[in-house]
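# Chains, contacts and geometry: an overview
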Amino acid sequence: MDAILKDLNLRYETDVALGAMTWYGVGGPAKVLAHPSSPQQLAALTARCSETQTPIYVLGAGANLLVRDEGVTGVVVKLDDPAFRQLRIDKDTVTVGAGYDLAKLVLETAKVGLGGLECLAGIPATVGGAVRMNAGGAFGDTGRCVNRVQVMDQGGEVYYRDRDDLVFGYRKSNIAARFITEVEFELTPDDDEALMKRVKEVFAYKTASQPLRDHSAGCAFKNPPPEVGASAGQLVDRAGLKSFRIGNAEVSQQHANFIIAHKGATATDILAVMTHVQEVVAEKFGVQLEREVVVWP
């Protein structure tokens, strides 16, 4: 791996424990964790990985991620350099780097009286990750405010996707490029005090209804289509699976769509609980739950 990266003038680490960088706190190591300091370095890195057929992964806030215990080969990229965490506000247009913290962006825009992102309060993510998966909840989603996205493909080519070319659905988007590097939001002028009050209300709702103090990756499963008539959490609850446990992984008693990693849990424990939940819900209700948590590899 050193032979692939050594001439790129790039900061990187080898055999890095990824678990501590995820909200689950479990999982194996990354063969390489790279920290590009410019779009040019990122382009050179991704082009090199493409040329050598080296797998490449993108690590954001680690909030919606489970790394298997054996870890990942290839290169994991983290856009944590200031070059990818810039914020510019021009009237109602906000341009922000993909590595910027979403929770911080929600607060910054609310404080200056720009509405649209307050519905995302309490969602842990980087901006790039939130846009790619159209992060959201009961109060709204990310995609509705996105005007333009700068992306980089596997070969290192940079281009833009504009609003009329973007499609956002439930926990997904049509952005296929390997990297999102920058996002432009179009927000709406509003009263800053009212927006901050709304942020606090949304966060209070999440705190009361979700096990935010426990190690989890948020909702384990996507909600099924509306015609099913129940959310994923409701189906898991009706199946009698709250508090179901394998090893040190457990279905949350507070919210059945959260799988908690207790001290000593492994990724294998968590995956086993997920699989059991899917099997029981399918048997009882004929519904195939789809994982919302991303699993590497």
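Above this note sits the structure.
Here we summarise the structure given alongside this text. Quantities reported herein were computed from a predicted structural model and do not represent experimental measurements.

How each quantity is defined
Residues numbered from 1 in each chain as written. Predicted model: local features only at pLDDT ≥ 70, side-chain atom pairs only at ≥ 80, totals over all residues. Heavy atoms only, no water. Pairing = 2+ DSSP bridges. Helix = DSSP H or I, 4+ residues; strand = E, 2+ residues; numbered from the N terminus. Axes fitted to C-alpha atoms, helices over the stretch in contact; angles between N-to-C directions. Contact = heavy atoms within 4.5 Å. Phe/Tyr/Trp six-rings, centres within 6.5 Å; stacked < 30°, edge-to-face > 60°. Buried < 20%, exposed > 50% of the residue type's maximum accessible area, 1.4 Å probe, protein only. Lys NZ or Arg CZ within 6 Å of the ring centre and 35° of its normal.

## A look at the sheet that holds strand 5 (residues 72–78)
Overall, mixed pairing links the four strands, which are arranged 1-2-5-3 in an open sheet. For this open sheet the edge positions go to strand 1 (11–17) and strand 3 (56–59), each flanked by a neighbour on one side alone. Neighbouring strand axes in the sheet, compared pairwise and without regard to direction, differ in orientation by 30° on average. Sheet analysis places strand 2 (residues 29–35) next to strand 5, joined by four bridges and oriented parallel. By the bridge assignment for strand 5, Ala30 is matched with Val72. Lying on the sheet, helix 2 (residues 39–51) is in contact with strand 2, strand 3 and strand 5; it crosses strand 5 at an angle near 165°.

## Digging into the sheet that holds strand 17 (residues 245–246)
Sheets are built from strands that pair by backbone hydrogen bonding, the pairs being arranged parallel or antiparallel. Spatially, the three strands line up as an open sheet ordered 17-18-19, and their pairing is antiparallel. Because the sheet does not close on itself, it has two edges, and the strands there are strand 17 and strand 19 (259–261). As paired strands, strand 17 and strand 18 (residues 249–251) are joined by two bridges and run antiparallel to one another. Counted as the bridge partner of Ile246 is Ala249 from strand 18.

## Focus on the environment of Glu51
Relative to the helices and strands, Glu51 is located in helix 2. As for Glu51 and Gln154, which are separated by 103 residues in sequence, their C-alpha atoms are 9.5 Å apart.

## Some details on unusual backbone geometry
That bond from Trp296 to Pro297 is cis: its omega, -15°, falls within 30 degrees of zero. You can see Pro297 is positioned in the segment after strand 20 (294–296). One non-glycine residue, Gln53, lies in positive phi territory at about 55°. Among the secondary structure elements, Gln53 is positioned in the loop between helix 2 and strand 3.

## A short note on the packing of aromatic side chains
Tallying each qualifying case throughout the model produces two aromatic pairs. Consider the rings of Tyr57 and Trp296, whose centres lie 5.0 Å apart with planes at 50°: the pair is tilted. Of the two residues, Tyr57 is situated in strand 3 and Trp296 in strand 20; the sequence distance between them amounts to 239 residues. By the burial criterion, Tyr57 is buried, and Trp296 matches it. Between Phe139 and Tyr205, the ring centres sit 5.2 Å apart and the planes meet at 90°, which makes this aromatic pair edge-to-face. One end of the pair, Phe139, is in the loop between strand 9 (136–137) and strand 10 (140–141); the other, Tyr205, is in helix 5 (residues 192–209), with 66 residues separating them in the sequence. A residue is classified by how much of its surface remains accessible, and Phe139, at 26% relative accessible area, is partly exposed. A residue is classified by how much of its surface remains accessible, and Tyr205, at 43% relative accessible area, is partly exposed. A cation sits over an aromatic face here: Arg148 above Tyr160, 3.8 Å from the ring centre.

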